[in-house]
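Architecture and fold: a report
Single-letter residue listing:
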Amino acid sequence: MSTCSVSKGCFVFKPNPKKRKISSTADYFCEGNNDSEDSELRFDTCQTLWQRMKSETEELQENLNKKLFDNLIRFLRQSHLDFKEKKTEWTCRMKANEIPAAALVLGVNVTDHDLTFKSLSEALQEDVTPFVVLLRSKECPGIKHLLQKLMAQLMGCHIDEDTSEEGECSKTSPNRMRCSVASLTDWYRNITKKDTDTPCKNQEILARHWELPPVVVIFKDMESFTTKVLRDFIIIISQCIREFPLVLIFGIATSPMIIHKLLPHSVSSLLCIELFQSLSCKEHLSTVIDKLILTSQFPFKLTEKVLRVLINIFLYHDFSVQNFIKGFQLSLLEHFYSQPLSVLCCDLQESRKRIKLLSHNQCENIRRLPSFRRFVESQESKKQTVLLTDDASLKEETETLLQNLHTYHENYFPILRCLHAFTSSLPNYPLGKQIRELHCACLDRKVWETEDYESAIQLVRMLAKDEMITILKKCVEIITSSSAKCLGSCTEKLEEYLGQFKNLEAADDQDDTVSSLKEIQKKTDLYHLQKTLLEMKESRRLKKLTKFEMLRFEVVDFIDGLVRSYLAPPEMQTLYEVLYFSMASTLREHLNAAPRVAVHTALNNPHFYLKNEALESDTGCISNAAPDICIAYKLHLECGRLINLVDWLEVCKHEFIDSSLLC
């Protein structure tokens, strides 16, 4: 059978089991890599480093959600107590007829919601209740589907249905059970029944949770549910609210007002709603960047362009922190795949061991690095010859340079945070409100040479005494908590300035001002008052700086010196290519989907994706072996005005009809 024309059919080729080769993940990592030396070691290093970062992000996510989950559990506990006590007061009886509902506002980063609901479900099932149901709008187009999904999840959530014959636990299959309020009530009564004579395995599981554990129904995407489905479900479930405890949790991406827009008043009045707000996605991103990027804990770093690509995708596409982390993971993988010297992108102690084992080819790779060539050019001619010819001397120098690079990171981040403490509250935020903006500015160029930095320094020279004391305290805490050994003298100097600010006598500086105010308060005419004010203005212009102003200028100059010493861009550091990923265009191609460009590339140059040597051709030409759809597309690009696409498609249609008749 001929398969030369892809437009006439789709052909399936079954793989030959004899030729099938089982490959490991490391083999895929090495495949197509021209520099395959130490590829397995690079892959293992990449995996180990990512596992450390992943555990850090998971712990961070757990800490960020802890307060929200604690508030939700407190709300569930209160609702559960109201159900258990069954008070007889009129207000309690009226409240008992309402369904407890939590409106959980998570923000527009919808792709992150699944992880939040998964963590919430695990937290509830661990301590509160085994009966947690997660519902999605696309799975519940009608009330029948919703009830079936509800019953199916309840029958399977941590409850073992295969109990002994004497056991009273339900064995009915959820697919065969009639989905109604009565069946739901009977199921809950049977599943929570206490029978000391015939202990059920369910009772052992339920013992870990609350007495009469509530049924929690979570609507992941409330805005996507239809009004009819929500209305019918709430009305139906309100009939059995006194029979078993039920709590609804609405996942909301936009605003809590969506509840009243979707539900009529007669239905929303059946709900006892309490609002819960999660941490905003921007604050979440700032925390992730602080833990993964603005730290010397992990050796892998991003250049300014790569970091801006990830931040711009977050800000202008999806607000998804999880997608940002995946982009960061892709950068890590791409760095270890494309950079042969990434084998040294590890902790300092381990990198020293690996430097001693470098081969001659890897030493040549080091010599070809632009930053190392720049370093060699700055050395004496004798040392240049040694570095370019002797591998042993090169390894010794590489160890020293990597030590300097790690020390640079240990000093860089504390000083960056100190500068941010001074500039984050300035008017108009000349260096940015978020620390990530300041970090990008420092990565891009020498930040002290920019106009924004000059304007920021001028504003810092005008800070009040209380503001200076607060910021200096914060800077002392930042440097003290850091691991930088070289900044110990900086801490002592900042503490000295802090003590001088506290010892300043404000009364001495205000004597002249008080005397001037007394002159103004005297009874005088308009002419003499204007003359007095002009004299005060002139005297202030010619007046010497006060002690506070002189000390403030000294502190600002000291901070400016730290910035110039420690916040140089990483491109100025030798061997920065070992730790920094800089291929922003490659990352953008992977993350910024452009379907039209991809289709054009596939049709215009099929070799780009198929990697078939027969499809290779010169620029502007196309191979005869290319699929006919590529040839047609090429002809249409060259003379589109002379081709009538309607007639062309009609001919193609008749071709298909004729070929089918022949078959």
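The following paragraphs examine the structure supplied in this document. The structure presented is a predicted model; accordingly, all values stated were derived computationally and were not measured. (Residues numbered from 1 in each chain as written. Predicted model: local features only at pLDDT ≥ 70, side-chain atom pairs only at ≥ 80, totals over all residues. Heavy atoms only, no water.)

**Structural notes on the overall build of the protein**
For the protein, the count of helices and strands is 30 helices and seven strands. Of all 663 residues assigned to the protein, the portion counted as buried reaches 42%. Counting only contacts in the protein whose residues sit at least 6 apart along the sequence, the fraction spanning at least 24 positions is 76%. For the protein, the computed accessible surface area is about 38,200 Å², with 52% contributed by carbon and sulfur atoms. (Helix = DSSP H or I, 4+ residues; strand = E, 2+ residues; numbered from the N terminus. Buried < 20%, exposed > 50% of the residue type's maximum accessible area, 1.4 Å probe, protein only. Contact = heavy atoms within 4.5 Å. Areas by Shrake-Rupley, 256 points an atom, 1.4 Å probe, with all protein chains shown as cover.)

**Examining the sheet that holds strand β3 (residues 215-219)**
If you trace the five strands from one edge of the open sheet to the other, you get β2-β3-β4-β1-β5, paired in parallel fashion. The sheet is open, and its two edges are formed by β2 (132-135) and β5 (271-277), each paired on a single side. With strand direction ignored, the average angle separating the axes of adjacent strands in the sheet is 20°. In terms of strand pairing, β2 meets β3 through four bridges, oriented parallel. Within the sheet, the bridge partner assigned to Val132 lies in β3 and is Val216. Contacts from helix α4 (residues 113-127) reach β1 (99-105), β2, β3 and β4 (246-252) within the one sheet, and its direction differs from that of β2 by about 165°. (Pairing = 2+ DSSP bridges. Axes fitted to C-alpha atoms, helices over the stretch in contact; angles between N-to-C directions.)

**Quick look at the nonpolar core**
Ile293, Phe300, Leu302, Phe324, Phe372, Phe422 and Phe501 are the most contacted members of the largest nonpolar core, which totals 102 residues. Each residue touching Phe422, except ones within four places of it in the same chain, is listed here: Val460, Leu463, Met468, Ile471, Leu472, Cys475, Val555 and Ile559. (Core = buried A, V, L, I, M, F, W, Y, C linked by side-chain atoms within 4.5 Å.)

**Considerations on the environment of Ser224**
As for its position among the elements, Ser224 is in the loop between β3 and α8 (227-237). Assessed through its relative accessible area of 47%, Ser224 is described here as partly exposed. A C-alpha to C-alpha distance of 10.0 Å links Ser224 and Leu262, two positions 38 residues apart in sequence.

**Description of a nonpolar patch on the surface**
On the surface, a nonpolar cluster with roughly 320 Å² of combined accessible area is contributed by Phe608, Tyr609 and Leu610. Of note, Tyr609 is situated in helix α28 (residues 607-610). Judged by its relative accessible area of 44%, Tyr609 falls in the partly exposed class. (Patch = residues over 30% accessible without salt bridge, like charges linked within 9 Å, V, L, I, M, F, W, Y side chains within 5 Å. Salt bridge = Lys/Arg side-chain N within 4 Å of Asp/Glu carboxyl O.)

**Things to note about the packing of aromatic side chains**
Taken as a whole, this structure holds 17 aromatic pairs when the rule is applied. Taking 5.8 Å as the distance between ring centres and 65° as the angle between the ring planes, the aromatic pair formed by Phe501 and Phe548 counts as edge-to-face. With Phe501 in helix α22 (residues 488-503) and Phe548 in helix α25 (residues 547-566), this residue pair connects regions lying 47 residues apart in the sequence. Using a relative accessible area of 0% as the deciding quantity, one classes Phe501 as buried. Judged by its relative accessible area of 14%, Phe548 is buried. Taken together, a centroid distance of 4.9 Å and an interplanar angle of 85° make the contact between Phe608 and Tyr609 edge-to-face. Here Phe608 falls in the partly exposed class, since its relative accessible area comes to 42%. (Phe/Tyr/Trp six-rings, centres within 6.5 Å; stacked < 30°, edge-to-face > 60°.)

**A word on the pattern of salt bridges**
Applying the stated criterion across every chain, the model contains 19 salt bridges. In this structure, the salt-bridge partner of Asp347 is Arg52, at a minimum N-O distance of 3.5 Å. Here Asp347 is found in the loop between α13 (321-338) and α14 (348-356), whereas its partner Arg52 is found in helix α2 (residues 39-85), with 295 residues between them in sequence. For Arg52, a relative accessible area of 28% puts it in the partly exposed group. Ionic contacts of the salt-bridge type, sharing partners, join the residues Asp114, Arg136 and Lys220 into one network.

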